[in-house]
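# A structural walkthrough
These are the residues of each chain, in order.
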Amino acid sequence: MNTTPIMNAEEAAARVRADGPDFVKVGVFDIDGLMRGKYMHRDKFLAALEKGFGFCDVVLGWDIDDQLYDNVEITGWHTGYPDAPVHIVPETGRRVSFEDSCWLFIAEFAGQAEAVCPRGVLRRTLERAADMGASAKAGFEYEFIVFDETPKTVRAKNFQGMTPVAPGNTGYSLLRQSTLSDLYSDIFSVSSAMGTPLEGIHEEMGPGVIEAAMSAASGIDAADRAALFKTFAKAVAQRHGTMATFMAKWHSGHAGQSGHIHLSLNAIEDGESLFHDPGAADGISATLRHFVGGLQARLPDVTALVAPTVNSYRRLVPGMWAPTDASWGIDNRTCAIRVVPGDAATQRIEFRVPGADANPYLAMSAMLAAGMDGVARETEPDPPVTGDAYAIDHPPERRLPATLEAAADRFAASAFARDWFGDRFVDHFANSRDWEVRQSRKHVSDWELARYFELI
């Protein structure tokens, strides 16, 4: 089986004709990072590869539970939910090893829907960075929890009393990896076969918690890999009779699940690192310093993109390994922005605010746009934090929004966000988060029942 990357549409067509079953999977990623798609007969796919196809734009007008937004303009009852043009991205072709090795391709919305397509947002952000002379390379790290449950059992339990596949705190435990080796090895091998390779996978702190570090990739390919990994790690887990969740925080007694991004910049002209200066302290170039300054300055504006759910803010609390301020430090994991010193090939920034629940296209867009804005403006960062960043009383302008409602309002009001992402996307995303907040207010939590039921 030919596993070399596909370079263009002609090669994609030839490979699909020559190899594999007579169906192809095609999917787009919605605003929450869910892959929505369909099986296509090979002949239909080949025609769509050349001409594009129509995909009901309702996937841009409903939430993660398929409930229709009541506050967006791009689609809705007022438009009749028509088909939106979609084009298949031939370079994204890969095989799904456990589905008869069928081909899978990512697609993007076109036409007016392109403005709110998450993959399109990142593509345009990367293009603007390229116009400034920089290319990005990134690798995502995901923490997720695997439960000894199925989609049916969790619903029967009303999502209460769920059992992780392993008890206790056993970070980096080789014992746990050995007892769960079938699951670990399957995640590893499926990821490799699909062109979303992992650098490593290990047991993390907390019952049933696994961390997977993805191999770095250039540009939009990094986010494609992350989005596909989240989709198919869940599929692999369910094929083992278990369930994986990437929600930011599932239990008040445990730390949340992160989706950190490691990013570096290289010059378009000669490929040299823009982050590394061998003559500077810790190898920190002026570009890296200004990138950090931009992240610090703009992070409160884009927090909604990296913490996009009500649940995200259960993770962003003091003492839970998640930053609450736009702090930075050198190899300091208590900070929001961790500069990792190295050589020209390894010097990078680890962005530690995103949760595992963030849409990888939008999280990477937020990081890159904020940093490149700092490069353009030569924004100087604060002095780096040494020691515990949580123990410092940071100035108000460095504090992150504490709720999704506040984050969405900040995003909607940001001239920076509108400059980089466009009015249509900012309005659409902010309104989708307003909807998310309103849905949460309709429900009574276990905490409220325990606190008020008897005594109030």
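Quick note: structure is the one above.
Residues numbered from 1 in each chain as written. Predicted model: local features only at pLDDT ≥ 70, side-chain atom pairs only at ≥ 80, totals over all residues. Heavy atoms only, no water.

## Points about the overall build of the protein
Helix and strand counts for the protein come out as 14 helices and 15 strands. For the protein, whose C-alpha radius of gyration is 22 Å, the value lies close to the compact-globule estimate of 23 Å for 456 residues. Its C-alpha atoms give the protein principal-axis dimensions of roughly 65 × 60 × 55 Å. The buried share among the 456 residues of the protein stands at 55%. Of the contacts formed within the protein by residues at least 6 apart in sequence, a portion of 70% connects residues at least 24 apart. Counting every atom, the protein has about 19,700 Å² of accessible surface; 52% of that belongs to carbon and sulfur. Looking at the protein, you have 43 positive and 62 negative side-chain charges, and the mean spots of the two groups are 3 Å apart. (Helix = DSSP H or I, 4+ residues; strand = E, 2+ residues; numbered from the N terminus. Rg over C-alpha atoms; globule rule 2.2 N^0.38 Å. Buried < 20%, exposed > 50% of the residue type's maximum accessible area, 1.4 Å probe, protein only. Contact = heavy atoms within 4.5 Å. Areas by Shrake-Rupley, 256 points an atom, 1.4 Å probe, with all protein chains shown as cover. Lys, Arg positive; Asp, Glu negative; His and termini not counted. Charge placed at Lys NZ, Arg CZ, Asp CG, Glu CD.)

## Things to note about the pattern of salt bridges
For side chains of opposite charge, pairing can occur when their charged atoms come near one another. Using the criterion set out here, one finds 29 salt bridges in the structure. Notably, a salt bridge pairs arginine 36 with aspartate 66, separated by 2.9 Å at the nearest N-O pair. Taken together, the residues span a long stretch of sequence, with arginine 36 in strand β2 (residues 35-41) and aspartate 66 in the loop between β3 (53-56) and β4 (83-88) at a distance of 30 residues. A relative accessible area of 36% places aspartate 66 in the partly exposed class. In this structure, the salt-bridge partner of aspartate 373 is arginine 377, at a minimum N-O distance of 3.0 Å. In this pair, aspartate 373 and arginine 377 are both assigned in helix α10 (residues 360-377), four residues apart and thus about one turn of the helix distant. The class of aspartate 373 is buried, set by a relative accessible area of 5%. (Salt bridge = Lys/Arg side-chain N within 4 Å of Asp/Glu carboxyl O.)

## Things to note about the packing of helix α8 (residues 286-306) against α10
When two helices pack together, you describe them by how their axes are tilted relative to each other and by the distance separating the axes. Axis separation between α8 and α10 bottoms out at 6 Å; the angle between their running directions is 135°. Between α8 and α10, the angle is such that the two are oblique. You can see that α8 and α10 cross each other, and the crossing is right-handed. Note on element contacts: α10 touches α8 through Leu362, Ala363, Ala366, Met367, Leu368, Ala370, Gly371, Met372, Asp373, Gly374, Val375 and Arg377, opposite Thr287, His290, Phe291, Gly294, Leu295, Arg298, Val302, Leu305 and Val306. Broken down by class, the residue content of the contact of α8 with α10 amounts to 13 nonpolar, five polar and three charged. (Axes fitted to C-alpha atoms, helices over the stretch in contact; angles between N-to-C directions. Parallel < 35°, antiparallel > 145°, perpendicular 65-115°, else oblique. Left-handed = near helix turned anticlockwise from the far one by under 90°. Nonpolar A, V, L, I, M, F, W, Y, C, P; charged D, E, K, R; others polar.)

## Some words on α8
In this model, α8 (21 residues) spans only 26 Å end to end at C-alpha, well below the 30 Å of a helix rising 1.5 Å per residue. The largest bend along α8 measures about 70° and falls at leucine 299, with the proline proline 300 one to four residues further on. (Expected span 1.5 Å × (residues − 1). Bend = angle between axes of the 7 residues up to and from the residue.)

## A closer look at the packing of aromatic side chains
Throughout the structure, instances matching the rule amount to 24 aromatic pairs. With a centroid separation of 6.3 Å and an interplanar angle of 35°, the aromatic rings of phenylalanine 411 and phenylalanine 421 are classed as tilted. One end of the pair, phenylalanine 411, is in helix α11 (residues 404-412); the other, phenylalanine 421, is in helix α12 (residues 415-421), and 10 residues separate them in sequence. Like phenylalanine 421, phenylalanine 411 is buried. One aromatic cluster in this structure is built from Phe140, Tyr142, Phe144, Phe229 and Phe246. Between the NZ or CZ atom of lysine 38 and the centre of the ring of phenylalanine 55, over which it lies, the distance is 5.0 Å. Seen from the ring of tryptophan 420, arginine 128 lies directly overhead, with NZ or CZ sitting 3.9 Å from the centre. (Phe/Tyr/Trp six-rings, centres within 6.5 Å; stacked < 30°, edge-to-face > 60°. Lys NZ or Arg CZ within 6 Å of the ring centre and 35° of its normal.)

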